[in-house]
Amino acid sequence: MWQRIGQFILRYRIPLLGLLIGATVFMGIHASRVELSYDFARAIPIDNPKYKAYQEFREKFGEDGNLLVIGVKTDQLFKETVFNAYADLQRSLKKVEGVEDIISVPSAVNLVKIPDTERLKADTIFADRNLSQVEIDSASAIFLNLPFYKNLLYNPETNAWLMGVRVNKGLMASKKRIAVVHTIDALAEKFGQENNLTIYKSGLPHIRTELSVRITEEMRFFILASLLLSAIILLLFFRSFSAMFLSLTVVAIGVIWSFATIEMMGYKISVLNALIPPLIVVIGIPNCIYFFNKFHTSYNDPSSNSAGDKKKSLVMMVDKMGIVTLFCNLTAAIGFAVFALTQSQILKEFGIVAGINIFALFIISLIFIPAILSFLPSPKKRHTRYLENVRLLRWLDRLERWSLNHRRLIYTCSIGIVAIAIVGIIQLKPLGYIVDDLPKTDKLYTDLKFFEANFKGVMPLEIVVDTKERRGVSRKYNNLVKIDSLSQYLTSFPDLARPLSITDGLKFAKQAFFEGDSNSYSMPSEFDLPALSQYLNFRGEPGETKNSFAKLVNTFMDSTKQKARISVGVADVGSNRLPMILDSIQKRADQLFPKENYDVQLTGTSVTFLEGSSYIINGLKDSIFWAFILIAFCMLYLFKSARVLLISLIPNVIPLLITAGLMGWLRIPLKPSTVLVFSVALGIAIDITIRFLVNYKQELPLNNYDIRKTVIETIHSTGISIIYTSLVLIAGFIIFCFSGFDGTKALGWLTSLTLVTATFTNLVLLPALLITLGEKNAKLKKV
């Protein structure tokens, strides 16, 4: 069959090349339209209760992740030059497109009681102009006497100051976000430089934007680096520019198709599927090496009827390598495509796009390589010199001796290594962070830690209390007391920032009603509440532009006053600590608000992150199981033998166990980026086994079913191409070690380690198993 396919490709090479070029032009048009994702990918299914609760919260109260925070640490903020510059920064930020509101010291307001009407009026504490030192001293005394702002806008113990910039949520989901965030960053850094202050920036808008920019830059770097490295390796192997350019063209077409697939499927480039184009390069090059290696051996083999005949050698190349490359790409595609079986949207997108395009590489290389080679001159002596590499042949002789003469030692070492690995696997624990993949020295990470150290955290956690009756928040004093009690409970957690709720505004209003006495900043009594009821409908004075305080008040309740919201920042404590915090909060909430009368939901980005992280890790574990099952079916179909299936899986399971064991011993946690390694590595490593066993199966009849002799010939005939392709794959994945994301680094070195181990097990353990199995079968036949 494959021989006829080879003849068909050569006979119709021009129309097939025309079809391939036309398809690539079509794909190129779509690839040019691909967009970058400017939002966190949905990691949990849309029918998940946590996801539904979060979407309901956003509909009622707006976006929780559009606050960018700017921090400084100084005891000179109320000095004339520094404060006026700080106020100028705020005025400049207000003019930036997309900035909806700013809450900071210069924009802080005070509630003042009007004597004649005893109504409360919101007055700006600091006038909106350059102030003298006397004016600043007077206003700052008022500001520092307001407990409402303590640990919200400043930390008196560390002299840290916070400015919150709320950005339009629609803009944050568009490509304009990069320019907006960079403008905010530039204005903040300018203030810092002019006043000799270090500026700290964080919040989800800043983190998301910086990550999306880095994703784009890294994707370009990885594509170029993988292409350059592949070009160098191919040139060293084949000593042929034509072979190098042919191979690079194959993977370049694959990269174009992968971008087009992302766009045509309605997806966008995210932190995960940005890895697909460089992966296409890394996985596509072995296809080319396999084809070139078989073409050269067929052309050079004097015992073959294709010796010296380019056309027959090309047909032989397709005949012998077609089935091998098909199943190699199929199993590699399965290793990625199983992610589509998970419930995580980001993994589904990654699995679908990677699976489709890795298999498409087979079609591209099968048509393009023989068709183009048929137009090129026959290979010269220097092009095939790698087949006689003395060092590699010496190593293959050693592998042969080990497999034949030291099988007991090989089995003992394998069992011992697996036992040590299993002990390490037992120590594996899942652990993830919101900024998990950032190095500890990265500016994004250190700035986040600044806000955690001074304000305990900026990652959004929202608690929504549903009283189940209209105006149930504002009319029933008991509900307000319970909300305040829950807020006070939150302050007992060292990893939670100062919570904000409707009761904080009531305390502020009570202080104003009692002539601004800070001692009056406390929960009003039931008798005080009628006098403060206007606060619950606070909209500012008629004709007055709604100020930051009024906007803040309006976010504490929904429009019907049935639901109240408690907002709190949480530190990035990780997926182990966060569930304990949430469980404690939920238990306290259930005590205060019985489920038969109330409904309390914990939501926000922190909660969806935790749920998403769990879905991703569980989905990846499931994907490993399905990868094993589907790849096992492929191997069973290919070799029609349960024993060969078992033998084929053993050399590939051991590398995975070693990698997992090493992760346990090195205390590397299970997280999305590290669990991803196993399915990917299995799908790629099994290619080596297929290459070896298919060649073994093809050579066995030619050697009168002499297993020992066939194994020796297979080691020598496939060993060189296996080592070359393994080197390309290992070098390709090592490129990922230069990433700025720890997760991508882990993917790089863990996958490389797995492939190194798989190369050894397939060239040492696999031949030993085949010989042992053959000897046992021979003994059984004699009996």
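Residues numbered from 1 in each chain as written. Predicted model: local features only at pLDDT ≥ 70, side-chain atom pairs only at ≥ 80, totals over all residues. Heavy atoms only, no water.

Caption draft 1: Inspection of the sheet that holds strand β9 (residues 563–570) at higher detail. Sheet architecture is open: 3 strands sit in the order β9-β8-β10, paired in antiparallel fashion. Bordering the open sheet on either side are β9 and β10 (599–603), each of which pairs with just one other strand. Between one strand axis and the next, the sheet turns through 15° on average, direction left out of account. The pairing of strand β8 (residues 459–466) with β9 spans 8 bridges and is classified as antiparallel. Across the sheet, residue L461 finds its bridge partner in β9, namely V568. (Pairing = 2+ DSSP bridges. Helix = DSSP H or I, 4+ residues; strand = E, 2+ residues; numbered from the N terminus. Axes fitted to C-alpha atoms, helices over the stretch in contact; angles between N-to-C directions.)

Caption draft 2: Region of the structure containing the packing of aromatic side chains. Across all of its chains, the model carries 28 aromatic pairs by this definition. Here the aromatic cluster, defined as three or more aromatic residues joined through ring pairs, consists of F78, F83, F126, F143, F148, Y149, Y154, W161 and F508. Lying across the ring of F375, R13 places its NZ or CZ 4.1 Å from the centre. R498 extends its terminal NZ or CZ atom over the ring of F148, reaching a point 5.6 Å from the ring centre. (Phe/Tyr/Trp six-rings, centres within 6.5 Å; stacked < 30°, edge-to-face > 60°. Lys NZ or Arg CZ within 6 Å of the ring centre and 35° of its normal.)

Caption draft 3: Structural view of the environment of I631. Assignment of secondary structure puts I631 in helix α22 (residues 605–639). For I631, a relative accessible area of 1% corresponds to the buried category. Separated by 32 residues in sequence, I631 and D599 have C-alpha atoms that sit 47 Å apart. (Buried < 20%, exposed > 50% of the residue type's maximum accessible area, 1.4 Å probe, protein only.)

Caption draft 4: Just a positive patch on the surface, in detail. On the surface, R391, R394, R398 and R401 cluster together into a patch of positive charge. Among the secondary structure elements, R401 is positioned in helix α13 (residues 390–405). (Patch = residues over 30% accessible without salt bridge, like charges linked within 9 Å, V, L, I, M, F, W, Y side chains within 5 Å. Areas by Shrake-Rupley, 256 points an atom, 1.4 Å probe, with all protein chains shown as cover. Salt bridge = Lys/Arg side-chain N within 4 Å of Asp/Glu carboxyl O. Lys, Arg positive; Asp, Glu negative; His and termini not counted. Charge placed at Lys NZ, Arg CZ, Asp CG, Glu CD.)

Caption draft 5: Main features of the environment of N652. Inspection of the secondary structure assignment puts N652 in helix α23 (residues 642–665). Along the primary structure N652 and L682 are separated by 30 residues, whereas in three dimensions their C-alpha atoms are 6.7 Å apart. Here N652 is in contact with L682, A685, I686, T689 and N762, once residues within four sequence places are set aside. Polar contacts involving the side chain of N652 include one to the main-chain carbonyl oxygen of S648, which spans 2.7 Å. (Contact = heavy atoms within 4.5 Å. Polar contact = N/O pair within 3.5 Å; in protein donor to acceptor, adjacent residues only side chain to side chain.)

Caption draft 6: Region of the structure containing the pattern of salt bridges. The final tally for this structure, using the stated rule, is 16 salt bridges. Among the salt bridges present, the one from R91 reaches D128, with a minimum N-O distance of 2.9 Å. Linking R91 in helix α4 (residues 80–94) with D128 in the loop between β4 (120–124) and α5 (133–144), this pair joins segments that are 37 residues apart in sequence. For D447, the salt bridge is made with K443, and the minimal N-O distance between the two is 3.1 Å. Taken together, the residues D447 and K443, both in helix α15 (residues 443–455) and 4 residues apart, mark about one turn of the helix. By relative accessible area, K443 is classed as partly exposed at 39%. Three or more residues are tied together by salt bridges with common partners; here these are D88, R91 and D128.

Caption draft 7: View of the side chain of S501. Checked against the element boundaries, S501 lands in the loop between α17 (477–490) and α18 (502–513). In terms of polar contacts, S501 uses its side chain to reach the side chain of S487, at 3.4 Å. Sequence-distant contacts of S501, that is, excluding residues within four places in its chain, are made with I483, S487, F556, R565 and I566.

Caption draft 8: Local environment of the environment of F259. Locating F259 in the fold gives a position in helix α9 (residues 241–264). Each C-alpha atom, one on F259 and one on I723, is 30 Å from the other, the two residues being 464 residues apart in sequence. Discounting chain neighbours no more than four positions away, the residues touching F259 are A31, V34, M219, I223, I269 and P277.

Caption draft 9: Quick peek at the pairing of strand β3 (residues 109–113). With respect to burial, β3 is a largely interior element, 4 of its 5 residues being buried. As defined by bridge partners, β3 adjoins β4 across 5 bridges and the pair is classed as antiparallel. Directly across from L111, in β4, lies its bridge partner A122.

Caption draft 10: Highlighting the state of the cysteines. For the structure shown, the criterion picks out 0 disulfides. Here C288 stays free of any disulfide, with the sulfur of C328 as its closest cysteine sulfur at 13 Å. (Disulfide = S-S within 2.5 Å.)

Caption draft 11: A look at helix α3 (residues 49–61). Along its 13 residues, α3 runs 18 Å from first to last C-alpha, staying within 8% of the 18 Å computed at 1.5 Å per residue. Burial in α3 covers these residues: Y51, A53, Y54, F57 and F61. All buried residues of α3 lie within an arc of 160° about the axis, which places them on one face of the element. Turned more than 90 degrees away from the buried face of α3 sit P49 and E59, all of them exposed. (Expected span 1.5 Å × (residues − 1). Arc of directions from axis to C-beta.)

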